Amino acid sequence: MLLLLRRFGVLLIAAVLSISSVHAQEDTTRPTSADPKLLAWPDAKIPKEYTIAAVSITGIRFLDTAIVHSIANLQTGDKFMHPGEDIFAKSIAALWRQKLFSNVQIFVTKIEGDNVWIEVNVQERPRLGNFKFIGIKKTEEEDLQGKINLAKQTIITENTLRDIDEKIKKYYFEKAYRNVRVRTEQSDDTTFVNSKSLTIYVDKGKKVHINEISFYGNTNVDGLRLKKQMKGTKEMSKLTLHPDKGVSPFGEKTIYSFNEYIKDWGFLSLSKTKRILDPWFRFKLFSSAKFDPKKFEEDKEKVLNYYNSIGYRDAQIVDTATYLTKNGNMNIDFKVEEGRQYYFGNITWKGNSKYSDSLLNVWLGISKGDIYNIGVLNKRLGKEASQEGGDISSLYMDDGYLFFRAEPVETAVYNDTIDHEIRIMEGPQARYKRITVSGNEKTKDYVILRELRTIPGELFSRADIIRSQRELANLQFFNQEKIEPGVVPNSEDGTVDINWKLEEKSSDQLELSAGWGGGVGLTGTLGVTFNNFSIRNIWKKSAWDPLPTGDGQKLSLRVQSNGRAYRSYSFSFTEPWLGGKKRNSFTIGFNNSKYSNAFDPYTGVIDRAKSDTNYLKTTGFSISLGKQLKWPDDYFSLVYSINLTQYKLRNYPIFDQNFKNGTSNNVSFKIALQRSSVFNPIYPVSGSNFVASVQLTPPYSLFNKNIANTNDKYKNPEYHKWKFNAEWYVPIGKPLGAEKNRQFVLKMAAKYGFMGRYNSKLDFSPFERFQVGDAGLTNNFGLLGYDIVAHRGYPVYQSSNTTVNPDNQNASQFFTIFNKYTLEARFPLVTNPSSTIYALGFFEAANGWYNYKDYNPFRLRRSVGVGMRFFLPMFGLLGFDYGIGLDRIQPGQSGIKGATRFTFMLGYEPE
């Protein structure tokens, strides 16, 4: 007990009991005169029961006194024992916990018999009014406000100020500012009642970079290799030079000094050596070398993991030291103990009855004497999740052994060799029992179930689940990142349930564009594609919400028009599962177009008055049937199609001046063998596409010997056309982040096209040739069924001579042969379900020829460039490319002026 004397007009004696803070006090007496009962209160020895006669609240200026009364929990009529029952301390603690007050005191002001009068005196904390930062940028201020979460009219406590200090320092600590100082000042704020303005002064100091990372004790592994493992902790420079020999914090000599470099390079002068090294030091200005404690700890683990991967399983980092240099940057030193390098010894198998030891050894791929790497062993056993397969776990699980387990056990360690025994628990073969789907609000269950390889009653297969995931993703109806096969094993009956969880996304596309060119001026395009259409519900009014959907069918409608000069309509419908039992696709298509002779390709004159009298009308119909094959594997399919196209010419000499009025009928049959193992067609990261096709017409010249001397060669064209297309997608490095499809990808492609004729007396057909160049967009000659082959960096060209500048924008003659090669590096920027954006760099080489005598597969036009692709579910694919035609650069020409070309594409990826 501490006795204090106070005077309030008269002598005041108070007994004060300190509770956890000098500002929280129990002042047991507060008399207005010298009352013997109050004086005796602190020294009472015999317990006596008292009753609270009244409670008064003082010191309150802004809060409601009822709130304080309620929190203190001192009620009139309450009884307590004194001494013995410390109810005042409990009340002070309750008030203090609210963080509303900076000082709390409780007084006994009067005693009459068994009744006492209580006074609760509090001092309110100020509230936050306006606040501001001094010494930092506006953008940093906005970031800090989000992290500190300061809100006006909140209570200012010591914790508030401490939190501000800690979060500001942490924010700048992550940005490599190691010497941040924070100071706060409070001042009265008249804007709000009982408020204080807060001014936060921030002194960031200098940014601290990592100047040098050094390793000591690494006698077998070069320090540069160890530094490469540290992805989040980088030096400022690529080359480390010590000005003089020195001593590390561990008492060891530095590995190499600047003078030793010069000595070893004795044939170079000092000034010349510095010039050679200068670019390395200039690189410091652009390198990211900030120190992040979290990444630093992660990088230490990566260094040890690297040691383990090359056999040093006993390696450890025994010490680290960080210290600042004279210029304020940081040096980091590691002291390592490598231990000895280990190798795999004998590997034996136990518990395997399905497969022999020799077969398992082949699948494991580890031989005696190989460098020891526990990570490789676990990966080959399948203990690490992977979709690549080729491990022991995949071997068993693809044959139904869902409950398979394999545990490697070290049986002997002698010298530098480690023997292992792989203990296998095969378990019973499991079969699929219940297959369910959820999350599909529009798509019918049967559309999903028919794509699955997980069929009830069949043996469990890990490969079937992975393949099913890919098939569902290729539908483009679902968010591929949210396709989850919920595998629920039932060990009691040896079965497994698969509960597929899906999340639907928009798959329909809208094309709305306008373009200028082709001799017709402004042309508008409106197209819609419904990728999950339902034709069976087209007559059901209730199914139109806004369109009948859910059966997985595809419906496309497209209209182009310029008014009188040009118009085009097209329609197509695809049923991917004709009959509903097998993956047999059925497609029908119709198109109709009219192109007037307002623009004469021979004279270059535009005459709008001839739009109704000089024109070319095209009407086409096609039907195709596709069939999935089971051999060589079920990635193969065979597609048959019949194409009927009629051309009506009126005063339109597109082929020959002698044939400008009449009708041509192009009837052809096409068969295509294709194989596709691509996962996610929007941004493929692996797999390949192969298509080999032949398209041919009836051999009319076999029945009409004089066809070469008449216009029948135009009325019934004949030809056979062969095409081959191959694409490979190769992932480079590891995925960027958690998303598996965020990865560098190298695309390689080779494409060939050849047209033949049945009769050597006839020229090659004017139909179905190859248009090469530009972005893959057609001009009016595309009405003749030309294959549009893009070549970025070049306009549409008609000469196979690569020594001339092929800038003929209105080519009227096209090729019967083409070759094209593409090498494209892709980098993903955004891979969200709502949009996919990636950048690319490309190299292309292509050319076309009119006949086989001139064909030279090594004479190609080359181009390089960069581009961007944007895929939006509603609008499809949008692309921009900037290409440089290397063979357009003229001899003696300086720079690339005149050899560049910007191209644009919409809705599809051109050939």
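See the structure shown above.
Summarised in this report is the structure supplied together with it.

Thresholds applied
- Residues numbered from 1 in each chain as written.
- Predicted model: local features only at pLDDT ≥ 70, side-chain atom pairs only at ≥ 80, totals over all residues.
- Heavy atoms only, no water.
- Helix = DSSP H or I, 4+ residues; strand = E, 2+ residues; numbered from the N terminus.
- Buried < 20%, exposed > 50% of the residue type's maximum accessible area, 1.4 Å probe, protein only.
- Contact = heavy atoms within 4.5 Å.
- Areas by Shrake-Rupley, 256 points an atom, 1.4 Å probe, with all protein chains shown as cover.
- Phe/Tyr/Trp six-rings, centres within 6.5 Å; stacked < 30°, edge-to-face > 60°.
- Pairing = 2+ DSSP bridges.
- Axes fitted to C-alpha atoms, helices over the stretch in contact; angles between N-to-C directions.
- Patch = residues over 30% accessible without salt bridge, like charges linked within 9 Å, V, L, I, M, F, W, Y side chains within 5 Å.
- Salt bridge = Lys/Arg side-chain N within 4 Å of Asp/Glu carboxyl O.
- Lys, Arg positive; Asp, Glu negative; His and termini not counted.
- Charge placed at Lys NZ, Arg CZ, Asp CG, Glu CD.
- Core = buried A, V, L, I, M, F, W, Y, C linked by side-chain atoms within 4.5 Å.
- Polar contact = N/O pair within 3.5 Å; in protein donor to acceptor, adjacent residues only side chain to side chain.

**Some thoughts on the overall build of the protein**
Thinking step 1. Along its length, the protein carries 15 helices and 37 strands.
Thinking step 2. Across the 911 residues that make up the protein, the buried fraction comes to 44%.
Thinking step 3. Sequence-distant contacts, at least 24 apart, represent 60% of the contacts inside the protein between residues at least 6 apart.
Thinking step 4. For the protein, the computed accessible surface area is about 46,900 Å², with 54% contributed by carbon and sulfur atoms.

**Comments concerning the packing of aromatic side chains**
Working definition: an aromatic ring pair is given by the centre-to-centre distance plus the angle between the planes.
Thinking step 1. In this structure the tally under the stated criterion is 33 aromatic pairs.
Thinking step 2. Centroid distance phenylalanine 815 to tyrosine 850: 5.1 Å. Interplanar angle 35°. Geometry classified as tilted. Of the two residues, phenylalanine 815 sits in the loop between strand E32 (787–789) and strand E33 (817–832) while tyrosine 850 sits in the loop between strand E34 (835–849) and strand E35 (861–872), which places them 35 residues apart along the sequence.
Thinking step 3. Note on phenylalanine 815: relative accessible area 0%, which makes it buried.
Thinking step 4. Among the aromatic residues, those joined into a cluster by ring pairs are Trp41, Tyr50, Phe80 and Phe88.

**Considering the sheet that holds strand E19 (residues 495–501)**
Thinking step 1. If you walk across this open sheet you meet the 3 strands as E17-E19-E18, and the pairing is mixed. Edge positions in the open sheet fall to strand E17 (431–438) and strand E18 (484–490), since each of these has one partner strand only. Mean inter-strand twist for the sheet, computed between neighbouring axes without regard to direction, equals 20°.
Thinking step 2. Relative to E19, E17 runs parallel, the two sharing 6 bridges. What sits directly across from arginine 431, in E19, is threonine 495.
Thinking step 3. Taken strand by strand, helix H14 (residues 462–474) contacts E17, E18 and E19, and its axis lies near 20° from that of E19.

**A few points about a positive patch on the surface**
Thinking step 1. Positive charge collects at one region of the surface, where Lys137, Lys147, Lys170, Lys175, Lys207, Lys290, Lys294 and Lys295 lie side by side.
Thinking step 2. When you line up the elements, lysine 170 lands in helix H5 (residues 158–173).

**Thoughts on the nonpolar core**
Thinking step 1. Judged by nonpolar contacts, the single largest core of 28 residues is most densely connected at Leu74, Leu95, Ile118 and Val120.
Thinking step 2. Looking at this core, the elements that each hand over two or more residues are strand E4 (48–58), helix H2 (65–72), helix H3 (87–97), strand E6 (101–112) and strand E7 (115–124).
Thinking step 3. Each residue touching valine 120, except ones within four places of it in the same chain, is listed here: Val55, Ser56, Ile57, Thr58, Val68, Leu74, Leu95, Gln105 and Ile106.
Thinking step 4. By size, the runner-up hydrophobic cluster in this structure holds 23 residues, among which are Leu452, Leu472, Ala473 and Ile498.

**Focus: the side chain of serine 468**
Thinking step 1. Looking at the element boundaries, serine 468 is found in helix H14.
Thinking step 2. Residue classification places serine 468 among the buried positions, given a relative accessible area of 0%.
Thinking step 3. Looking at serine 468, its side chain comes within polar contact range of the main-chain nitrogen of arginine 453, at 2.8 Å.
Thinking step 4. Once residues lying within four places of it in the same chain are set aside, the contact partners of serine 468 are Leu452, Arg453, Thr454 and Trp500.

**Focus on the pattern of salt bridges**
Thinking step 1. With the rule as written, the count across this model stands at 39 salt bridges.
Thinking step 2. We note a salt bridge from aspartate 787 to lysine 723, for which the minimum N-O separation is 2.8 Å. Separated by 64 residues along the polypeptide, aspartate 787 in strand E32 and lysine 723 in strand E29 (residues 720–732) bring together distant segments of the chain.
Thinking step 3. Looking at aspartate 787, the relative accessible area reads 13%, which means it is buried.
Thinking step 4. Judged by relative accessible area, lysine 723 falls into the buried class, the value being 18%.
Thinking step 5. Two residues, aspartate 881 and arginine 792, come together in a salt bridge whose shortest N-O distance is 3.4 Å. Of this pair, aspartate 881 sits in strand E36 (residues 876–885) while arginine 792 sits in the loop between E32 and E33, and the two are 89 residues apart along the sequence. Just as aspartate 881 is buried, arginine 792 falls in that class too.
Thinking step 6. Within this structure, Arg792, Lys820, Glu824, Arg826, Glu844, Arg869 and Asp881 form a network of salt bridges that share partners.

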